[in-house]
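# Reading the structure
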Amino acid sequence: MKAYLKKLYFTISLLAIQLTNILAQGPTGIPRKQSEPLPLTLPNILFFFVLPLGLLVFYIWWLKKKRRERDNRINNDKE
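Just so we're clear, the structure is a prediction, and the values are computed from it rather than from any experiment. (Residues numbered from 1 in each chain as written. Predicted model: local features only at pLDDT ≥ 70, side-chain atom pairs only at ≥ 80, totals over all residues. Heavy atoms only, no water.)

### What to know about the overall build of the chain
Our working rule: We count a stretch as a helix when DSSP gives it H or I for four or more residues in a row; a strand needs E for two or more, and each element gets its number in order from the N terminus. Throughout, radius of gyration means the C-alpha value; the globule benchmark is 2.2 Å times the number of residues raised to the power 0.38. The buried label applies to any residue whose accessible area, calculated with a 1.4 Å probe on protein chains only, is under 20% of its type's maximum; exposed applies above 50%, and partly exposed to all values in between. All accessible areas in this document rest on Shrake-Rupley with a 1.4 Å probe, and a residue is counted as covered only by the protein chains that are shown. His is not counted, nor are the chain ends, whereas Lys and Arg count as positive and Asp and Glu as negative. For this purpose, a charge sits on NZ of Lys, CZ of Arg, CG of Asp or CD of Glu.
When helices and strands are tallied, the chain shows 2 helices and 0 strands. Radius of gyration (C-alpha) of the chain: 22 Å, far over the 12 Å computed for a compact globule of 79 residues. Principal-axis analysis of the C-alpha atoms gives the chain an extent of 70 × 45 × 15 Å. The 79 residues of the chain split such that 1% are buried. Accessible surface computed for the chain: about 8100 Å², of which carbon and sulfur atoms make up 67%. Positive and negative side-chain charges in the chain, numbering 13 and 5 respectively, have mean positions lying 10 Å apart.

Written out as structure tokens, the structure reads:
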């Protein structure tokens, strides 16, 4: 449990340090224009919504498949 907490504290501190570095990169004296919202066209919907969700579903399915294969291998070795 202590190793888990050390990893968690390290990750949080690393993210905090990176956040300050990212914020420090933006120039403050240059006026920036306001960004426009993403237009909902078919290619944008497919690329920014459907593709990431499809990859997420595939990744979860792949992990479950690998876990089942590992469990089957362990059960077959016990027999």
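### Structural notes on a nonpolar patch on the surface
Cut-off, in case you're wondering: Patch membership needs two things, relative accessible area over 30% and no salt bridge, and members are linked within 9 Å if like-charged or within 5 Å if nonpolar (Val, Leu, Ile, Met, Phe, Trp, Tyr). Any Lys or Arg side-chain nitrogen found within 4 Å of a carboxyl oxygen on Asp or Glu counts as a salt bridge.
A cluster of nonpolar side chains, contributed by Leu38, Leu40, Leu42, Ile45, Leu46, Phe47, Phe48, Phe49, Val50, Leu51 and Leu55, occupies part of the molecular surface with about 1100 Å² of accessible area. The class of Leu38 is partly exposed, set by a relative accessible area of 42%.

### A word on helix H2 (residues 42–78)
Which entries qualify depends on this criterion: The length a helix should cover is 1.5 Å for every residue beyond the first. Fitting axes to the seven residues ending at a residue and to the seven starting there, one defines the bend at that residue as the angle between these axes.
With 37 residues, H2 ought to run about 54 Å at 1.5 Å a step, and its terminal C-alpha atoms sit 52 Å apart, in line with that. The largest bend along H2 measures about 35° and falls at Val50, with the proline Pro52 one to four residues further on.

### Describing the packing of aromatic side chains
Worth spelling out the cut-off: Classification of ring pairs uses Phe, Tyr and Trp, with its six-membered ring standing for Trp, and accepts pairs whose centres are within 6.5 Å; under 30 degrees between planes counts as stacked, over 60 as edge-to-face, and the remaining range as tilted.
Applying the stated rule across the entire model yields 3 aromatic pairs. With 5.7 Å between their ring centres and 35° between their planes, Phe58 and Trp61 make a pair best called tilted. In this pair, Phe58 and Trp61 both sit in helix H2, 3 residues apart, roughly one turn of the helix.

### Describing the pattern of salt bridges
Scanning the model with the defined rule gives 1 salt bridge in all. Here Arg70 makes a salt bridge to Asp71, at a shortest N to O gap of 3.9 Å.

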